[in-house]
Each structure stands twice: as C-alpha cells, then as structure tokens.
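Observations on the three-dimensional arrangement
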Amino acid sequence: MRRAWRVTDVRAAEKTLMATLPEGTLMQRAAAGLARRCALLLEETGGVYGARVLLLVGSGDNGGDTLYAGAALARRGAQVRALLLTPERVHLAGLAALRQAGGFTTGDLPTRADLILDGIVGIGSRGGLRSQAAAIARGLGALRGRTGERALVVAVDVPSGVAVDTGDVPGEAVTADVTVTFGCLKPAHVLGPAAVRCGHVDLVDIGLGPVLQADPAVRVPEAADIAAWWPRPGATSDKYTRGVVGLATGSVKYPGAALLSAAGALAGPTGMVRYAGSAHYDVVRAHPTVVASRKVADAGRVQAWVCGSGLGTGDEARTELRSVLATSLPVLLDADAITLLVGGEHAEDLRRDAPLVITPHDGEFKRLAGEAPGADRAGAAARLAAWTNAVVLLKGDRTIVATPAGEIWANPTGSPELATAGTGDVLAGLLGSLLAAGLPAVRAAVMAAYVHGLAGRRAAVDGPVTGSDVASALRPVLVDLLG
Ligand SMILES: NC(=O)C1=CN([C@@H]2O[C@H](COP(=O)(O)OP(=O)(O)OC[C@H]3O[C@@H](n4cnc5c(N)ncnc54)[C@H](O)[C@@H]3O)[C@@H](O)[C@H]2O)[C@@H](O)CC1
C-alpha cells in the first residue's frame, strides 16, 4: 500500500525533523536525491556530460532544491542554465552553488534542452500558475534535446500548477515525465488529473517517515495488497461459507444489466450467485450456475445484496430496494437504486447497522448530493460517505473510495476504456461478491475497483471495450494477480 499526506502534515513533520538537524540538511538530501534521478535519466539518453539542462526556478525552497540539483549536474559536466522566475526572490545560496559549479542564468526559455527541472513551485503553491509561469509551462513541449526528441521534464516534488492536496489541475500546469518527490507522497501524486501530470513518481527518502504522525490523507492499494486480501477457498469451504451474493439488478427492459452484474459476481470469490428480478430467465440461460427467483423476498439465503443496475425507478423497483435495505446484510446500491434515494423517500431505510456501499458516477453523485463532486473529488466523496453513512465509490479515471470516517483510497488501475456502458454493472457484481465473502465494505470496494481497472486495461488490448469484455477479462486478471 502506498500512502500520501496532506501539505500541513508534511510541513509539521518537516518542522519536527528540521529541529533535530543542521540547517539546510533536508534541502541537501532532497537535492542530492533529485540530482541522482536526473543523472540516471540523462545516462539513458546520451550521458550527463554535455547534456543541456534547463532549471525553472521559482522563489521558494522548491527553486532551492532545483538550483542545488542543477549544481550537482553541472559538476558532472552538464551545461546547466537556470531561468529565474523572480530573480529578486531567488534562493541565494542555491544560486551561488550553481554558479560556483559552472552553471548560468538565462532570461528566456531556450529552444533546446535535454532535461528540464520544474522547480517553479512545490507544496507552497497557491491557486493556479501565475501568468509568467503559465506561459512557461505552455512552452515546454516545444523544447527539443540532442536526439531531436522532446526534452524530458522532471517535476521537483510536484508538477507546478497542480493543487497539491486535492489532485485538481485548476489551470495551466506542467506535465512531467518523472516527478521526484521528497519524504512522502502527497495527494496530487495519486489523485485526479494531477496524478496524470506527474508521470512516473519517484520518492526520495529524506528521513521524514519516522516523524510523520498524522494519518495519511489518501491510500493507494498495490497488487500485493489485493492478492493478500483476496479470499481463497480452504479444504473445509463450501458454497455457503464462501458466501452467497444476491443480485437485485436488471429488468425485462434492461436484461443486460442483470447479465453483466451476474458475470461480475461470478468472477468473484463467493460460492454462489443468486439473482432476483424480472430478467431471471435471461440470467439463467446465460449463466446456468446462477440460482434465480422473481423477487428479493423469494431469493433464499444470501450474505450480501447488489441492487440497482437496470432495475428501473418505478414502484416495483422501489419495493425491491426496500426489501434489500430491510435485511441486516451488507448492501451495494448502484445506478437506479441511487436515483431512487434522491428525494429522501428511503431516508429511514438507510438507517441500518449493516454495511452500505454506493457506487455513483458523477451524474449520480450530483443527483444524490445536490452538487457535482467538483475540484476536490476525494473530499466530496468523503462528505457524501459521512452524510449517507455508506462507503462511497466515486467512479472516475482515479476512482475514489471514501468511508464515513473519512478514510480515502485512490484506485491506481483506472483506464479511460472503462467509460462505456455496462462496466459499472460488472463492477457492482464483483464488489457484491467480495462483500458476500465477508470482506469489510471499504476493502471490498478498493479490491473491486482495482481488479475491475486491470480488466478494463486488459480488455482494451484487443480493441474497443464493452462491458462484456471487461467481465471476460476479470478471470485472466485474477489468475495473474493471485498466481
Ligand atoms: N520544508 C522542508 O523541509 C523541505 C522542503 N523542500 C522543498 O520545499 C518546497 C516547499 O517550499 P516553499 O514552502 O518555499 O514553497 P514553494 O517553493 O513551493 O513555493 C513558494 C513560492 O512560490 C510562489 N507561488 C505560490 N503559488 C504560486 C503560483 N500559483 N504560481 C507561481 N508562483 C507561486 C510564492 O510566491 C512563494 O514564494 C517543497 O515542495 C520541496 O521542494 C525540500 O527541500 C525538502 C525539505
């Protein structure tokens, strides 16, 4: 698992650490790590000696890191030029180090560079980039290196222009190939469009770990976590001990949603899938192992319910939603079930002790919360989770899972290919299976999003993706993941 901390918590930890160290130590550690990463990149593209390195230097310590790293590269024979955005407020000791190492300053953006270090602004940024910095960020794509290729861009700590705590990109921002960050990850490295701007994220240890007291703001699962958490049957398992997931999805009008949620559930760890709804003939024909009934009330023993996709929003759907919420079982609500919650008619039904998961996309989120998720998607998901007392899985390129207590996870496996009809039904089925297998709601949501994202990527290898393709890709993805 990777974890990211908010700027205020990073600052507090840095302060604690700095109090125990000679002045400037942290910056030296950061700059040394940064220079080493840059040298490795240059070695892959023709060597450090003679390479043209452009430093974009803002007025804060982020610019200081950049100048010291530039000095280290200059000492190895790189031709280092620093473009100072605010020369009157530059980090003086850093500039002196660069000059002493043979580096120069420049007034304009050159046309050639092999490597660009973006030290315009780091975790001290406020709002979008100011006009001069924005113009520079816009112009970087035109710089060419010695091989004629676009210059490599290394962001120092974070790409300039991103909102560090939310992962939003409010305006012009630098797009990096590599982001070298210090001490710990920050939310922008893992959330929203900012994470895309980071490119590959490389963490330099500056000794911050032991003094980082606060809870992380965002957690990111890794393949090893999913494999460790995935339930496997044991010698004494039977279909009931592995869990039975119930699907109150689809309808005569939308049988596809029932089929896709069943396909998602069948790829999960449960021992049995039950279906309750008007698409029962279609479901059993396509998936003979599913045990089907017409109504939730007639479904038989179930350990978690999935309700919503393709259910419709009429009276019958409302009755089924009520039946599901009246159980003392974990429940996942998706699509039409989320729409049915709007208006508060089910407020009483939602007062339940058993876990509840809701999986809105932005439109459903807006309908339910009354406003779009906005720039702070993780914060918005956490607010909706607290309000509904549910685990919220907010779908997106970096799907977010938030708990009522404010724990936030960002899914790293998202793929734009998943933005197509039916993929949400597959996700709901898979997630329901994990709930029925007994996993805590937050973990089930994190695991389902992760595996579903990988399936989207795998399906995309063969061309345009449909919901069925994602369902089919779940099994091979799980074989790879679980070994
Ligand atoms: N504090 C520490 O212990 C360490 C900090 N380090 C570096 O220090 C950085 C933080 O330094 P600072 O606190 O000085 O802050 P920054 O260097 O991130 O930025 C502060 C400066 O940027 C300007 N600025 C703010 N928003 C802007 C915008 N939207 N457009 C253009 N300019 C803007 C401000 O005028 C301010 O002078 C980190 O990101 C990291 O690179 C590292 O050296 C590691 C140790």
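Rules used in this analysis
- Residues numbered from 1 in each chain as written.
- Predicted model: local features only at pLDDT ≥ 70, side-chain atom pairs only at ≥ 80, totals over all residues.
- UniProt positions renumbered as here; feature names shortened; annotations may be inferred.
- Helix = DSSP H or I, 4+ residues; strand = E, 2+ residues; numbered from the N terminus.
- Rg over C-alpha atoms; globule rule 2.2 N^0.38 Å.
- Buried ≥ 20, exposed ≤ 12 C-beta atoms within 10 Å, placed from the backbone.
- Near = placed C-beta within 6 Å.
- Domains from an automatic or database assignment.
- Nonpolar A, V, L, I, M, F, W, Y, C, P; charged D, E, K, R; others polar.
- Pairing = 2+ DSSP bridges.
- Contact = placed C-beta atoms within 7 Å.
- Core = buried A, V, L, I, M, F, W, Y, C linked by C-beta atoms within 7 Å.
- Axes fitted to C-alpha atoms, helices over the stretch in contact; angles between N-to-C directions.
- Parallel < 35°, antiparallel > 145°, perpendicular 65-115°, else oblique.
- Left-handed = near helix turned anticlockwise from the far one by under 90°.
- Expected span 1.5 Å × (residues − 1).

As recorded by an unreviewed UniProt entry, the chain carries the name Bifunctional NAD(P)H-hydrate repair enzyme and is attributed to Actinoplanes flavus. Checking UniProt for the chain, the heading Subunit (unreviewed entry) contains the comment "Homotetramer."

Focus: the overall build of the chain
If you tally the helices and strands in the chain, you get 16 helices and 18 strands. Its C-alpha atoms give the chain a radius of gyration of 26 Å, within 12% of the compact-globule value 23 Å for 483 residues. For the chain, the C-alpha atoms occupy an extent of roughly 80 × 45 × 45 Å along the three principal directions. Out of the 483 residues belonging to the chain, those deemed buried represent 53%.

Some remarks on the site of the ligand
Looking at the ligand, there are 27 residues lining it, with G60, D61, N62, G122 and G124 nearest. Elements supplying a minimum of two residues to the shell around the ligand: α1 (7-18), α2 (25-44) and α3 (61-75). Sort the elements by how many residues they give to the shell around the ligand and α3 lands first, with four residues.

Some details on the domain arrangement of the chain
Domain boundaries in the chain define domain 1 (2-214) and domain 2 (223-482). Each of domain 1 and domain 2 has a C-alpha centre, and the two are 41 Å apart. Tallied by class, residues from the side of domain 1 that touches domain 2 come to five nonpolar, two polar and one charged.

Some points on the pairing of strand β7 (residues 178-182)
Counting buried residues in β7 gives four out of five residues, a clear majority hidden from the surface. Where strand β6 (residues 152-156) lies against β7, three bridges are found, and the strand directions are parallel. Paired with V156 across the strands is V180, a residue of β7.

Here's the deal with the UniProt feature "binding site: AMP" (unreviewed entry) in the chain
Feature annotation in UniProt places "binding site: AMP" (unreviewed entry) on K395, G396, D397, R398, T399 and G424, given in this structure's numbering. These residues run over 30 residues, yet every pair of their C-alpha atoms falls within 14.4 Å of each other. You can call K395 buried: it has 23 C-beta atoms within 10 Å. If near-sequence neighbours (up to four positions away) are discounted, K395 is found in contact with T359, P360, H361 and G424. Following the sequence through the fold, G396 ends up in the loop between β16 (391-394) and β17 (400-402). When the 21 C-beta atoms within 10 Å are taken as the criterion, G396 is described as buried.

Section: the nonpolar core
Grouped together as the largest cluster of nonpolar side chains are 171 residues, with contacts concentrated most on L115, A262, C307, V357, L431, A445 and V451. Of all the elements, helix α15 (residues 441-460) adds the most residues to this core, at 13 residues. Per-domain counts for this core show at least three residues from each of domain 1 (2-214) and domain 2 (223-482).

Considering the packing of helix α14 (residues 423-436) against α15
Axis separation between α14 and α15 bottoms out at 9 Å; the angle between their running directions is 140°. In this view, α14 runs oblique relative to α15, as classed from their interaxial angle. For the crossing formed where α14 meets α15, the hand is right-handed. Here α14 contributes T423, V426, L427, L430, L431, L434 and L435 to the contact with α15, which in turn contributes A441, A444, A445, M447, A448, V451, H452 and G456.

Some points on α14
Between its first and last C-alpha, α14 extends 20 Å over 14 residues, near the 20 Å set by a 1.5 Å rise per residue. Counting buried residues in α14 gives 14 out of 14 residues, a clear majority hidden from the surface. Positive phi shows up at G438, right after α14, with a value of about 100°.

Points about the packing of α15 against helix α16 (residues 467-482)
At their nearest, the axes of α15 and α16 sit 8 Å apart, and the two run at 110° to each other. With respect to each other, α15 and α16 are oriented roughly perpendicular. Contact residues: V451, H452, L454, A455, G456, R458 and A459 in α15; D469, V470, A473, L474, P476, V477, L478 and L481 in α16. Taken together, the residues of the contact of α15 with α16 break down into 11 nonpolar, two polar and two charged.

Re α3
An α-helical segment advances 3.6 residues per turn. Residues three or four places apart therefore align on the same side. Across its 15 residues, α3 extends 21 Å between first and last C-alpha, which sits within 8% of the 21 Å expected from 1.5 Å per residue. Most of α3 is tucked away, with 14 of its 15 residues classed as buried.

Overview of unusual backbone geometry
As a rule of thumb, non-glycine residues mostly have phi less than zero, and peptide bonds are mostly trans rather than cis. Of note in this structure, D157 is not a glycine but carries a positive phi near 75°. Residue position: D157 is located in the loop between β6 and β7. By the C-beta count within 10 Å, which is 29 here, D157 ends up buried. Even without a glycine there, the phi angle at A335 is positive, about 45°. Residue position: A335 is located in helix α11 (residues 335-341). Overall, A335 belongs to the buried group, with 25 C-beta atoms counted inside 10 Å.

Concerning the sheet that holds strand β8 (residues 200-204)
With parallel pairing, the seven strands of this open sheet are ordered in space as β4-β3-β2-β5-β6-β7-β8. Bordering the open sheet on either side are β4 (104-106) and β8, each of which pairs with just one other strand. Strand-to-strand twist across the sheet, computed as the mean angle between neighbouring axes with direction ignored, equals 25°. Of the strand pairs in this sheet, strand β2 (residues 52-57) and strand β5 (residues 115-119) are connected by five bridges, and their pairing is parallel. Directly across from L56, in β5, lies its bridge partner D118. Across the face of the sheet, α3 comes into contact with β2, β3 (79-84), β5 and β6 while running at roughly 165° to β2.

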